[in-house]
Amino acid sequence: MGDSRRVVVVGGGIAGLVAALDLLDQPDAPIVTVLEQADAVGGKLRAGALDDLGHDAGAESLLVTRPEAAELAERVGLGADLVTPRTTTASIWSRGRLRPLPRRTVLGVPADLRALADAGILSLPGLLRVPLDRCLPGSAPTADVAVGSYVAARLGRQVVDRLVDPLLGGVYAGSADNLSLQATMPALFAGVRQDRSLLGAASKVTTGQRSGPVFAGIAGGVSRLAQSTAERVRLAGGQIRTATTVVGLARVGDRWRLSVRGGLELGPTVEADAVVLAVPAPAASRLLQAVVPTAAADLADVELASVALIAMAFPHDAASWPDGSGFLVPAVEGSAVKAVTLLSAKWGWVADQDRQRRVVRASVGRWGDAGLLQRDDDDLVELVVAELRRFLGVVAPPLAASVTRWGGALPQYAVGHVARVARIRAAVATQPGLAVCGATYDGVGIPAVIASAHLAARQVRGSVEPSGRM
C-alpha cells in the first residue's frame, strides 16, 4: 500500500523542492518525484561565474524578518553558512547624484520626515507636500487600491516616483501605479484602516522593527540553498527528473495522470495520487485548464515582468566606489538600469575571492518594457557600463561580464491580487490531492515562496496518507 502512493511535484525551483522535502520528511512517506523542465533544478536560485569569480545569478539574499528561509538553511545543513551583509546602507540616484535611502520607510513610504528631508531625494516642493497628509481627511481604502495612486494622493507624486516606485521596482520589476497596496504592503494596508494618516500608519508599522540587517546571504551563494535542498530530497528517497516537461494534467478515476515530454525513462504519462504545481502562473494555467478552469482563468490574468542581471568584474581602481551595498534608480530618471548591487562590498564571500577586483551586478528590465531585453548580451553590457560611468565615474571597461536573462520571472501583484489568489486556492481545493505554490501567490521573496510550499505540502498530505487512499 505504502509503496504505491505517489506525489508528483511539477517544478524544481525552491518551492517545488521544499514541497517535496516536506512530503518526504514524515513517517510512511509517499514516493515523491520532482519533474523539472530545465536541465537543472533551482529556478531563480542560480549560481554564476565571472572567469573564476563566483556570484549569484539570481536571488542573492534572504529576508530574515520572516523565519522560513533561515529555518530551511538550518534544515539542509547550511545554518553555519548564513552570513550578514558587510554593509546595510543603500542609496537612490535622484536629481543628479546618489542620495542615502531614508531610514524608517515601508517600501519607500516614509515614517520619519526628518530622515526624509536629510536624504535630499525630493525637491523642496515635493518635501513640503508630504506633511499635508496629516491635514487631509482620512481615506482608508474600502477595497484594494494601486500603491501609486493612493500614496500620491496622500503624500504627493514625488514620493511615489522617487521612493516607492524604485523600491517596489527592485522587488517586482513593476510600476507602483499597477501594483496592489494590499498584496505588496499588507501591514500598511491594514494600518491605514486604523490611522487617518498614511504617515501615522507607516510610523506605527516601523515602530519596534528589528535593528540590524533584515537580509542574510549564504557563503558561496544563495543558490546553494536550492542545491542542498535537492540533495536532501534525493537522500530522503525522492526522485528528481530534469529536462522533463509536463504538458497535460487530467483526473482519471481517483488518481491524476500527467502527460510528459522528455524524461523518456518515465514514459509518456505518469500517474499520481497527488500533484503539486510549483510552476509560474502561465504554466499552471495551462495545466489546470481542463481540470480547474476557473483557477486557470485567474492564473492567466497574472502578468509577468522580465529582467536581465548583468554581472561585471572591474579593476578595484576603476571607480570611486560609493559606500553601501548598492543603489536604486527611479524610472523617472530615464535610465535603463533600475538597481545596482555592489556584491563585493555587500558580501564578504564575494570580496574574499579577489581583493583586486570588484564584482558589481546591475538589473535592467521593467514591466511593460520588454523591448530593452531584446538587445544582445554585448549591447546590454555596453549600455550598463555607460550608465555606470554616469553614476559612479567608472573609467575602465569590465574585466569580465555575464548576462543572465529571467524571462517572465516576476509576477505582477495587480490590484485585487489577494482576492484572486483566494479564488485560485479555493477552486484548486475542490480537486482532491491538488495544490499550487510558488512566487505567484503570497510573495516573491524566498521566505514567502517557501511558506507557500509548506502550505501546498500540507494540503495534499491527506491524499497520500495510508488512511487517505480509497
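Residues numbered from 1 in each chain as written. Predicted model: local features only at pLDDT ≥ 70, side-chain atom pairs only at ≥ 80, totals over all residues. Heavy atoms only, no water.

A.B. asks: Just checking my understanding: could you explain the overall build of the protein chain for this structure?
C.D. replies: Along the protein chain, the regular secondary structure elements total 17 helices and 22 strands. By its C-alpha atoms, the protein chain is 70 × 55 × 40 Å across when sized along the principal axes. Of all 470 residues assigned to the protein chain, the portion counted as buried reaches 56%. Within the protein chain, contacts between residues at least 6 apart in sequence are counted, and of these 73% link residues at least 24 apart. Total accessible area on the protein chain is roughly 19000 Å²; 52% of this is exposed by carbon and sulfur atoms. Placing the 48 positive and 44 negative side-chain charges of the protein chain at their respective mean positions leaves the two points 5 Å apart. (Helix = DSSP H or I, 4+ residues; strand = E, 2+ residues; numbered from the N terminus. Buried < 20%, exposed > 50% of the residue type's maximum accessible area, 1.4 Å probe, protein only. Contact = heavy atoms within 4.5 Å. Areas by Shrake-Rupley, 256 points an atom, 1.4 Å probe, with all protein chains shown as cover. Lys, Arg positive; Asp, Glu negative; His and termini not counted. Charge placed at Lys NZ, Arg CZ, Asp CG, Glu CD.)

A.B. asks: In this structure, what is going on with the sheet that holds strand β6 (residues 82–83)? I would like to understand it.
C.D. replies: Strand pairing in a sheet is mediated by backbone hydrogen bonds. Such pairs are either parallel or antiparallel. One open sheet accounts for 3 strands, arranged β5-β11-β6; its pairing is antiparallel. Whereas interior strands pair on both sides, the edge strands pair on one side only; in this sheet they are β5 (62–63) and β6. Pairing of β6 with strand β11 (residues 215–218) involves 2 bridges; the strand directions are antiparallel. Pairing of V83 across the sheet is with G217, part of β11. (Pairing = 2+ DSSP bridges.)

A.B. asks: So what exactly am I meant to see when it comes to the packing of aromatic side chains here?
C.D. replies: The description of two aromatic rings rests on the distance between their centres and on the angle between their planes. Counted by the stated rule, this structure contains 4 aromatic pairs. Plain terms: the ring middles of F314 and W321 are 5.9 Å apart, the flat faces sit at 55 degrees to each other, and that makes the pair tilted. With a relative accessible area of 0%, F314 lands in the buried category. W321 sits in the buried class, given a relative accessible area of 12%. Through successive ring pairs, a cluster of aromatic residues spans W93, F327 and F391. (Phe/Tyr/Trp six-rings, centres within 6.5 Å; stacked < 30°, edge-to-face > 60°.)

A.B. asks: How should the pairing of strand β3 (residues 47–50) be read in this particular structure?
C.D. replies: Consecutive residues of a regular strand have side chains that alternate between opposite faces of the sheet. Here β3 shows a clear split, with G48 and L50 buried on one side and none of A47 and A49 buried on the other. Inspection of the sheet shows β3 paired to strand β4 (residues 53–56) by 4 bridges, in the antiparallel sense. Along β4, the bridge assignment pairs G48 with H55. Here β3 folds back onto β4 in antiparallel fashion, the turn holding 2 residues, of which D51 has a positive phi close to 55 degrees.

A.B. asks: How should I be thinking about the environment of R193 in this particular structure?
C.D. replies: By the secondary structure assignment, R193 is in the loop between α8 (186–191) and α9 (198–206). Assessed through its relative accessible area of 41%, R193 is described here as partly exposed. As a C-alpha pair, R193 and P466 span 273 residues in sequence and 46 Å in three-dimensional space. When sequence neighbours within four positions are dropped, the list of residues in contact with R193 reads A140, P141, T142 and A143. From its side chain, R193 meets the backbone oxygen of P141 in a polar contact 3.2 Å long. (Polar contact = N/O pair within 3.5 Å; in protein donor to acceptor, adjacent residues only side chain to side chain.)

A.B. asks: What is the right way to read helix α1 (residues 14–24) from this model?
C.D. replies: Helical geometry: 3.6 residues make up each α-helical turn, so side chains three or four residues apart lie on a common side. Within α1, 11 of the 11 residues are buried, leaving the element largely enclosed by the surrounding structure. Inspection of α1 places I14, A15, G16, L17, V18, A19, A20, L21, D22, L23 and L24 among the buried residues, and these make up the whole buried set.

A.B. asks: How should a negative patch on the surface be read in this particular structure?
C.D. replies: There is a patch of like negative charges on the surface, built from D376, D378, D379 and E382. Secondary-structure assignment places D378 in helix α15 (residues 377–392). On the accessibility criterion, D378 (62% relative accessible area) is exposed. (Patch = residues over 30% accessible without salt bridge, like charges linked within 9 Å, V, L, I, M, F, W, Y side chains within 5 Å. Salt bridge = Lys/Arg side-chain N within 4 Å of Asp/Glu carboxyl O.)

A.B. asks: Looking at this model, I keep getting lost on the environment of A453. Mind explaining?
C.D. replies: If you trace the backbone, A453 turns up in helix α17 (residues 446–464). A453 sits in the buried class, given a relative accessible area of 0%. In the structure, A453 is positioned 436 residues away from L17 in sequence and 8.4 Å away in space, judged by C-alpha atoms. In contact with A453, not counting residues within four places along its chain, are A15, V18, A19, D22 and C437.

A.B. asks: Before we go on, may I ask you to explain the nonpolar core in this structure?
C.D. replies: Generally speaking, nonpolar side chains in soluble globular proteins are found buried as a group. Counting residues in each nonpolar core, the largest one holds 79 residues, and the members touching the most others are I14, V109, V151, V164 and L225. Among the elements that make up this core, the one with the highest residue count is α1 (9 residues). Beyond its immediate stretch of four places on either side in the chain, V109 contacts R104, V151, L155, V164, M185, L188, L198 and A202. (Core = buried A, V, L, I, M, F, W, Y, C linked by side-chain atoms within 4.5 Å.)

A.B. asks: Would you mind showing me how to read the pairing of strand β19 (residues 337–342) here?
C.D. replies: β19 sits mainly inside the fold: 6 of its 6 residues count as buried. Bridge count between strand β18 (residues 326–328) and β19: 3 bridges; the pairing is antiparallel. Considered in β19, the bridge of G326 is made with T341. Alignment of β19 against strand β20 (residues 357–364), held across 5 bridges, turns out to be antiparallel. Directly across from V340, in β20, lies its bridge partner A362.

A.B. asks: Can you help me understand the sheet that holds strand β8 (residues 97–100) in this one?
C.D. replies: With respect to topology, 7 strands assemble into an open sheet ordered β8-β7-β18-β19-β20-β17-β21, the strand pairing being mixed. In this open sheet, the two edge strands, each paired with only one partner strand, are β8 and β21 (400–411). Averaged over all pairs of adjacent strands, the angle between strand axes in this sheet comes to 25 degrees, irrespective of strand direction. Contacting β7 (91–94), β8, β17 (304–315), β18, β19, β20 and β21, α15 crosses the sheet at an angle of about 70 degrees to β17. (Axes fitted to C-alpha atoms, helices over the stretch in contact; angles between N-to-C directions.)

A.B. asks: Honestly, the pattern of salt bridges in this entry has me stumped. Any pointers?
C.D. replies: Scanning the model with the defined rule gives 21 salt bridges in all. Between D161 and R157 there is a salt bridge whose closest N-O contact spans 3.0 Å. With D161 and R157 both in helix α6 (residues 157–172) and 4 residues apart, this pair spans about one turn of that helix. Residue D161 is classed as buried on the basis of its relative accessible area of 19%. As a salt-bridge pair, R257 and E271 come within 2.8 Å of each other at their nearest N and O atoms. Here R257 is found in strand β14 (residues 255–262), whereas its partner E271 is found in strand β15 (residues 269–272), with 14 residues between them in sequence. By relative accessible area, E271 is classed as partly exposed at 32%. Salt bridges sharing partners connect three or more residues here, namely R255, R257, E271 and D273.

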